[in-house]
2 protein chains.
Amino acid sequence: MRPDLVVDVPLDLPADSRPLPVRICEGMRELIMDGVLAPGDHLPSTRALSAQLAVSRGTVVASYEQLEAEGYLVASSGSGTQVNLDLRGLHRRSATPTPPPPPRHHHGIDLTPGAPDTSGLANSAWRSAWRRACVQPRRITDPLGSPRLRHEIAEHLRQMRSLLADPRHVVVTGGARAGLAELIQVLCDGSGCLTVGVESPGYPSLRKVPTALGHRIIGLPTDDQGLDPDGLPTGGDARNVDAVLVTPSHQYPWGGSLSASRRAAVIEWAESAGCWIIEDDFDSELRHVGAPLPALASLDAQHTIVLGTFSSVLTPALGCGYLVVPPELVGPFARQRQATGQPVAAIVQEAVADYLSTGALRRRTQRMRQVYRRRRDTVIDILGSVPGATLQPIDGGLHAVLRVDGCEEEVVEGCRREGVGVTPLSTYWGSTDADAAGIVLGFGSHDDDTLAAALTTIARVVADRTGS
Amino acid sequence: MRPDLVVDVPLDLPADSRPLPVRICEGMRELIMDGVLAPGDHLPSTRALSAQLAVSRGTVVASYEQLEAEGYLVASSGSGTQVNLDLRGLHRRSATPTPPPPPRHHHGIDLTPGAPDTSGLANSAWRSAWRRACVQPRRITDPLGSPRLRHEIAEHLRQMRSLLADPRHVVVTGGARAGLAELIQVLCDGSGCLTVGVESPGYPSLRKVPTALGHRIIGLPTDDQGLDPDGLPTGGDARNVDAVLVTPSHQYPWGGSLSASRRAAVIEWAESAGCWIIEDDFDSELRHVGAPLPALASLDAQHTIVLGTFSSVLTPALGCGYLVVPPELVGPFARQRQATGQPVAAIVQEAVADYLSTGALRRRTQRMRQVYRRRRDTVIDILGSVPGATLQPIDGGLHAVLRVDGCEEEVVEGCRREGVGVTPLSTYWGSTDADAAGIVLGFGSHDDDTLAAALTTIARVVADRTGS
């Protein structure tokens, strides 16, 4: 008998004049045929069920014996009474269907952007952080997140981004998209529809968030140096914009970074427009060329909100990121969180804080920078001079954009036939003015040899096409 | 030298005619005095910094030597060049402040409701689930959550709640509040303000969610059998209600559960009003008396949405719950998730799925039911017949409500002086008609002896007060 694995039997006996065992048997047959009780389920002991139904134990014993005789139940010494396994497939309704098989493995090399290399992540610092966190998670009472984690994030930003953030202004979020969604709720404060300016073309994933929440987006022009301050709305149009979402360190998909003078111009514009700047800092730790650029938030802490995530430097499976908000948003954020709760599990917050506190993230980031720089150089070596194509600069991050003459679908399809998955640039284009054909490829997640093989295939597909 | 722990040095050299080492030294002093570089930070090697600045290595060597002479930097064999530790406290702005000390331990017994007993949770099944999940998390491509976890949740609902749910209708959420917040976004679909009916009095935490998101709540009358169907809005008022939030298995704070006839009446009302029922199932696995009651969702799968969480049966530190939604909401939910992303980290989903698949949650729930029933009996033994007070029924869950004659603040304060923390009932009261004074106490989290001691104190405080 394994009383620790029995199912609940939700018997609701009809109040009629038939004998109790008849009514119990009828109810049990219904539960079995409806799939509420499934073949193999262990039933409660006769003692437990008689207590539940407030009938004598003998009544339940008689009912079980009747149902065993009918083949619904099976009694076996050592494991109590079970629903007969032979009844599988006889249900009127099926019980929980079996889970779908995992998606079939794509044969080939998938270069969909967004995936970092997670090999070597699960070292002893990582495993011991999770072990400690899952065994004894601390209760987090601060609505903005674990004070320890917020301190570690501020320290991380100082060391990796040269950004001085007060830990009290750091908010732990469920990653970039979740953080943006929460931020928009706070900025909106329950009153109507916000207007959010987004780079056009720009990163496709974040721009969907405002519209999914019922707000409005407007496109802001970009070029290969990022957001173009000269194209920002002016006058009354500017004052109607509530926030702009900017990627200063690594514009998507152009690849360039915002110059110091453009940074100053954007900040000046936001001040005069009374508008928030949301600084998407998603992979700024992974910069490949030149000196690190100052974050917008370090130039202007009154209007700029940093939107960060650990997805690129650790793994998207962590679902953890952060915001650094100006002081005046701390209170409204805390109030909203008091209603909606912590978005990141205490176990996760504890594990990340523990991992960061050992310096393991700094070590990993600095190691991965070397790895990614090497892979970026491989991309430039192989794709930098393919006839009929132009490789955009790769100042940072984990993806490259190869603009091609002619039809991008032809290239995507050609690569697919050769077993390499790349993404058409048009899906990354926010504007309707999609005059640039091309492909986007992530170079982060595969080892060097696999990457080189995939890139060589792409170069051949592109060159063959233009050569013919 | 530990090149894996160096900081970034965001030097931006002024383009003037002074010698390079002068400009480098000036920039470094600024970074140190501003706190961007902190005492103890390891600087990049002269080779690395000269490459970053595109200057000769000798220039950087000269600059480092100058700054060492000035006391800003310290060179030590074996650990490269560091910012001088003696500079602590000399910053104009401080670097990351030290984290706040953890909150002081409350001396006494805190009976704030909502905390389950987590002792014994971290057994081998739990630890190995986290170990596996953190080392190799699978990528989750389905916006509604891990198919494996959704299957396990459906199986859990069948076994523990006798609710047959199709795994494709199960949505993994960040817990009850986060799930409700997402659900409201989906129901609203970006169009204006919803009206959500909430039990009054009712559970205080969930009712804050609609208003925090800019929606409207209206109170629905309850009594000791839960929601009163006779008090539901009629006619045009009913059609203006978009959703009602109902706790059929365990009304908060009354403690009762909704009778079969009331369940039918609520469903009939929702059908005629064209209104969603949100079934708050937060601790329905922990039922103390009688046969399990059928979930509203098992009586009506077209209008009823199940809102569930693992907080009560496992730990709130997990931040994981679920919704079971009618088929017509599956598509809208998936579309919203495509914009806002997964709210629960893949590592957490993987760990919970693994833990559930071993049967460990069923074993734990059945064991904890025994523990909580015993503690509930202790509450009834000690507080069931205190003069001047009435203990509400405790059909399920982890808290009790003791209504008291006279002033509840006096009781709360009296208990506090004796080292027992209880919550005034008025904070749990959603309506302004707060005619019932009383206290709410959680009996889940403390061991039997501690609980009995706290309850005896409460009984004495209440009796002394009314006796005097």
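Please read these numbers as outputs of a predicted model, since none were measured by experiment.

(A) Main features of the interface of chain B and chain A. Taken together, the contact pairs 72 residues of chain B with 72 residues of chain A. Each partner contributes to the roughly 6100 Å² buried at the junction of chain B and chain A, and carbon and sulfur atoms together form 59% of this total. For the interface between chain B and chain A, the tally reads four salt bridges. A salt bridge links D41 of chain B to R158 of chain A, with the shortest nitrogen-to-oxygen separation between them at 2.6 Å. Applying the counting rule to chain B against chain A returns 16 residue pairs in polar contact (both at pLDDT 80 or more). Contributions of two or more residues to the side of chain B that touches chain A are made by α4 (124-135), α5 (147-161), α6 (176-188), α7 (204-212), α11 (327-340), α12 (346-357) and α13 (360-383) of chain B. Counting residues per element, the side of chain B that touches chain A draws most heavily on α5 of chain B, at seven residues. Split into classes, the residues belonging to the side of chain B that touches chain A amount to 39 nonpolar, 19 polar and 14 charged.

(B) Region of interest: the side chain of Q392 of chain A. Residues and elements named next belong to chain A. With respect to the helices and strands, Q392 occurs in the loop between β12 (389-391) and β13 (399-404). Overall, Q392 belongs to the buried group, its relative accessible area being 8%. A polar contact of 3.4 Å, which involves the side chain of Q392, links it to the side chain of R403. Excluding anything up to four places from it in sequence, Q392 contacts W254, V401 and R403.

(C) Structural detail: the pairing of strand β6 (residues 216-223) of chain A. All names here are of chain A. Where strand β5 (residues 195-200) lies against β6, six bridges are found, and the strand directions are parallel. Across the sheet, V196 pairs through a bridge with I217, a residue of β6. Two strands pair when backbone bridges link them, and β6 and strand β7 (residues 226-227) are joined in this way by two bridges, in the antiparallel orientation. Considered in β7, the bridge of T222 is made with L227. In this structure, the hairpin formed by β6 and β7 is closed by a connection of two residues.

(D) Examining helix α1 (residues 20-34) of chain A more closely. Under the 1.5 Å per step criterion, the end-to-end length of α1 of chain A is 21 Å for 15 residues, consistent within 8% with the ideal 21 Å. Contacts from the buried residues of α1 of chain A go to α2 (46-53), α3 (57-70), β1 (73-75) and β2 (81-83) of chain A.

(E) Looking closely at the environment of T173 of chain A. Residues and elements named next belong to chain A. Note that T173 resides in strand β4 (residues 170-173). Here the alpha-carbon distance between T173 and G319, two residues 146 residues apart in the chain, equals 8.2 Å. The contact partners of T173, leaving out residues within four places of it in the chain, are G179, E182, G319, C320, G321, Y322, L323, R337, P343 and V344.

(F) Examining the relation of the copies chain B and chain A more closely. Note on the copies: chain B fits chain A at an RMSD of 0.1 Å, the axial shift is 0.0 Å, and the rotation between them is 180°. Viewed as a symmetry operation, the transformation between the two copies matches a two-fold axis. Most of the interface of chain B is mirrored in chain A: 100% of its interface residues are interface residues there too.

(G) Structural context of the sheet that holds strand β9 (residues 276-280) of chain A. All names here are of chain A. Ordered in space as β4-β11-β10-β9-β8-β5-β6-β7, the eight strands form an open sheet in which the pairing is mixed. The open sheet has two edge strands, β4 and β7, and neither has a second partner. The sheet strands contacting helix α6 (residues 176-188) are β4, β8 (243-246), β9, β10 (304-309) and β11 (321-324), and the helix crosses β10 at an angle near 150°.

(H) A look at unusual backbone geometry. All names here are of chain A. Residue P201 is bonded to the preceding S200 through a cis peptide linkage, with omega at 0°. For P201, the position within the fold is in the loop between β5 and α7 (208-212). Residues other than glycine seldom take positive phi values, yet A54 does so here, at roughly 55°. Within the secondary structure, A54 sits in the loop between α2 and α3.

(I) Representation of the pattern of salt bridges in the model. Counted under the stated rule, the structure contains 42 salt bridges over all chains. With a closest N to O distance of 3.5 Å, R23 of chain B and D16 of chain B form a salt bridge. Assessed through its relative accessible area of 30%, D16 of chain B is described here as partly exposed. Linking R417 of chain B and E413 of chain B is a salt bridge whose minimum nitrogen-to-oxygen distance equals 3.9 Å. Here R417 of chain B and its partner E413 of chain B are both found in helix α14 (residues 408-417), four residues apart, which amounts to about one turn of the helix. Classification of R417 of chain B by relative accessible area gives exposed; the value is 60%. Given a relative accessible area of 29%, E413 of chain B falls into the partly exposed group. Salt bridges sharing partners connect three or more residues here, namely R132, R138, R148, E350 and D354 of chain A.

Here is what the cut-offs are and how they apply
- Residues numbered from 1 in each chain as written.
- Chains lettered and ligands numbered in written order.
- Predicted model: local features only at pLDDT ≥ 70, side-chain atom pairs only at ≥ 80, totals over all residues.
- Heavy atoms only, no water.
- Contact = heavy atoms within 4.5 Å.
- Buried area = accessible area lost by both parts, 1.4 Å probe.
- Salt bridge = Lys/Arg side-chain N within 4 Å of Asp/Glu carboxyl O.
- Polar contact = N/O pair within 3.5 Å; in protein donor to acceptor, adjacent residues only side chain to side chain.
- Helix = DSSP H or I, 4+ residues; strand = E, 2+ residues; numbered from the N terminus.
- Nonpolar A, V, L, I, M, F, W, Y, C, P; charged D, E, K, R; others polar.
- Buried < 20%, exposed > 50% of the residue type's maximum accessible area, 1.4 Å probe, protein only.
- Pairing = 2+ DSSP bridges.
- Expected span 1.5 Å × (residues − 1).
- Least-squares fit on C-alpha atoms with pLDDT ≥ 70 in both.
- Axes fitted to C-alpha atoms, helices over the stretch in contact; angles between N-to-C directions.

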